[in-house]
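Here's the letter readout for the chains.
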Amino acid sequence: MSQPKIKTFKKDISSDEMVKTLQEDGCFIFEDFLSNNEVNDIESDLDPFIEATMRSNTNFGGFKTTRTGALMARSPNCRKLAINKRIMSLVKSFLGPYANTFQLHVTQVIRVLPGEKAQMAHRDRWAWSQLQLPANEEPRVNPVLAKIMTEIEPQLNFMLAITDFNEENGATLVAPGSHKSADDAQLPDESFVPAEMSRGSMLVFSGSILHGAGSNTSNKDRIGLNIDYSLGWLRQEDNQYLSCPPELAKDFDPKLQALLGYAVAGPSLGYFTPPLPAGEDLTAPQYALKNTLSNIKLDPDGRLELNE
Ligand SMILES: O=C(O)CCC(=O)C(=O)O
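Parameters at a glance
- Residues numbered from 1 in each chain as written.
- Predicted model: local features only at pLDDT ≥ 70, side-chain atom pairs only at ≥ 80, totals over all residues.
- Heavy atoms only, no water.
- Pairing = 2+ DSSP bridges.
- Helix = DSSP H or I, 4+ residues; strand = E, 2+ residues; numbered from the N terminus.
- Contact = heavy atoms within 4.5 Å.
- Axes fitted to C-alpha atoms, helices over the stretch in contact; angles between N-to-C directions.
- Buried < 20%, exposed > 50% of the residue type's maximum accessible area, 1.4 Å probe, protein only.
- Near = heavy atom within 4 Å.
- Polar contact = N/O pair within 3.5 Å; in protein donor to acceptor, adjacent residues only side chain to side chain.
- Areas by Shrake-Rupley, 256 points an atom, 1.4 Å probe, with all protein chains shown as cover.
- 1 Å grid on protein atoms, 1.4 Å probe; cavity = no way out; pocket = protein on both sides within 12 Å on 5 of 7 lines; lining within 4 Å.
- Sits in = over half its atoms within 2 Å of the grid points.
- Nonpolar A, V, L, I, M, F, W, Y, C, P; charged D, E, K, R; others polar.
- Points joined across faces, edges and corners; volume = space filled by probe spheres on them.
- Core = buried A, V, L, I, M, F, W, Y, C linked by side-chain atoms within 4.5 Å.
- Arc of directions from axis to C-beta.
- Salt bridge = Lys/Arg side-chain N within 4 Å of Asp/Glu carboxyl O.

A. Inspection of the sheet that holds strand β8 (residues 202–206) at higher detail. With respect to topology, seven strands assemble into an open sheet ordered β1-β2-β8-β5-β10-β4-β3, the strand pairing being mixed. Pairing within the sheet leaves two strands with one partner each, and these edge strands are β1 (8–9) and β3 (65–68). Across seven bridges, strand β5 (residues 155–161) lies against strand β10 (residues 222–231) in antiparallel orientation. Directly across from Ala-161, in β10, lies its bridge partner Gly-224. Those strands touched by helix α5 (residues 85–95) are β2 (27–30), β4 (102–112), β5, β8 and β10, and its axis lies near 150° from that of β5.

Have a look at this one:
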């Protein structure tokens, strides 16, 4: 069998080619997606938060890894990235067959510290099919949900390299093509390749692909900025309304507000009733942001216009 490879593209790649690669391989690397200065700007927003973040302490999350969330609340430059036109167009094309609206699912800086072991290989879509169990029990799945998840693509992930990613410092290990294998397939180590990329490049991968952070045998941190999107009808992993409450979200771009969940999806998902005073029942969530609905643009299919 030939050595698996992650395809690498440059800026001039067409959206069609990217979507085709995602469908075939489940992943690719977008080289030099952001310039060094743009990454510097993100770092200056986030450094104090990253520095202050405590280490994870679970087998899955690692013991020498920090995970800094709420990036939309904390960083104007991450807000810009989350609605980047190329990203939006890819989200719309790749996830479009399975939903009418999309949302931010996870926003997190993952810093793998020296000495961290490799993370267990997993598919992010398991978030919707695994049962919630005490931490010391082996994961178990709901088989009906696991089957449904193999029939759709529920999630699309973007991992921006803030430091260079290489095999030594814990570059994400990805098994290209594994989105086509059985949900519980145990792939050999040779199926996984480190997503080696330079600072500013980005690994794009589907929520169906087997992957995990690599081990960091170097003496420097590996830092990646993870922004993931999911289908508008699924529960978000980061609770975006709590991570980015209305008093912060009210000043954001309407597209970002909608991606956080401050918009009705389809005809009726996500409306709310302001509890007090009595009277404003069945209200669009923009009301909580003191916005008018005229800010929201829909495309001819009635979907939120994401790639304007
Ligand atoms: O940090 C990485 O390279 C991947 C992390 C990951 O897959 C996760 O925590 O779910």
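B. How the structure looks around unusual backbone geometry. Geometrically, the link from Leu-276 to Pro-277 is a cis peptide bond, its omega value of -5° lying close to zero. Along the polypeptide, Pro-277 turns up in the segment after α9 (254–260). Notably, Asp-32 is not glycine yet its phi reads approximately 50°, a positive angle. Positionally, Asp-32 belongs in the loop between β2 and α2 (36–52). Among the residues examined, Asp-32 registers a relative accessible area of 43% and is labelled partly exposed. Even without glycine at this site, Ala-70 takes up a positive phi of about 50°. Structurally, the position occupied by Ala-70 is in the loop between β3 and α3 (71–74).

C. Representation of the site of the ligand. Looking at the ligand, the residues that line it are Phe-60, Arg-67, Ile-110, Gln-119, His-122, Asp-124, Met-159, Thr-172, His-211, Ala-213 and Arg-222. With respect to the ligand, the side chain of Thr-172 contributes an N or O atom lying 2.6 Å from an oxygen atom. Taking His-211, its side chain carries an N or O atom lying 2.8 Å from an oxygen atom of the ligand. Contact with the protein chains covers 93% of the free accessible surface of the ligand, which is 290 Å². When each cavity is represented as a set of grid points, the ligand is found to reside in the largest pocket. Its residues placed into classes, the shell around the ligand shows four nonpolar, four polar and three charged.

D. Up close: the sheet that holds strand β6 (residues 173–174). Ordered in space as β7-β6-β9, the three strands form an open sheet in which the pairing is antiparallel. The sheet is open, and its two edges are formed by β7 (193–194) and β9 (211–212), each paired on a single side. Across two bridges, β6 lies against β7 in antiparallel orientation. Bridge pairing in β7 links Val-174 to Val-193.

E. Structural context of the layout of surface pockets. Of the voids in this model, the largest pocket is the one considered here, and its volume is about 1600 Å³. Along the wall of the largest pocket there are 50 residues; nearest its centre are Phe-60, Met-120, His-122, Gln-130 and Pro-139. Contributing elements (two or more residues each) for the lining of the largest pocket: β4, β5, β9 and β10. Residue composition of the lining of the largest pocket, grouped by class: 20 nonpolar, 18 polar and twelve charged.

F. Quick peek at the nonpolar core. Met-72, Leu-81, Leu-225 and Tyr-229 are the most contacted members of the largest nonpolar core, which has 52 residues in total. The greatest single-element share of this core, amounting to six residues, is contributed by α5. Cys-27, Ile-29, Ile-110 and Phe-205 belong to the second largest nonpolar core, which has 17 residues in total.

G. Main features of helix α1 (residues 15–25). Within α1 the residues assigned to the buried category are Met-18, Val-19, Thr-21, Leu-22 and Asp-25. All buried residues of α1 lie within an arc of 160° about the axis, which places them on one face of the element. Turning to α1, the residues buried within the fold contact β1, β2, α5, β5 and β8. Of the residues one or two after α1, Gly-26 is the one with positive phi, at around 80°.

H. Inspection of the pattern of salt bridges at higher detail. The final tally for this structure, using the stated rule, is nine salt bridges. In this structure, Asp-221 and Arg-111 form a salt bridge, with 3.6 Å as the shortest nitrogen-oxygen distance. Within this pair, whereas Asp-221 is found in the loop between β9 and β10, its partner Arg-111 is found in strand β4, the two being separated by 110 residues in sequence. Look at Asp-221 and you get partly exposed, because its relative accessible area is 26%.

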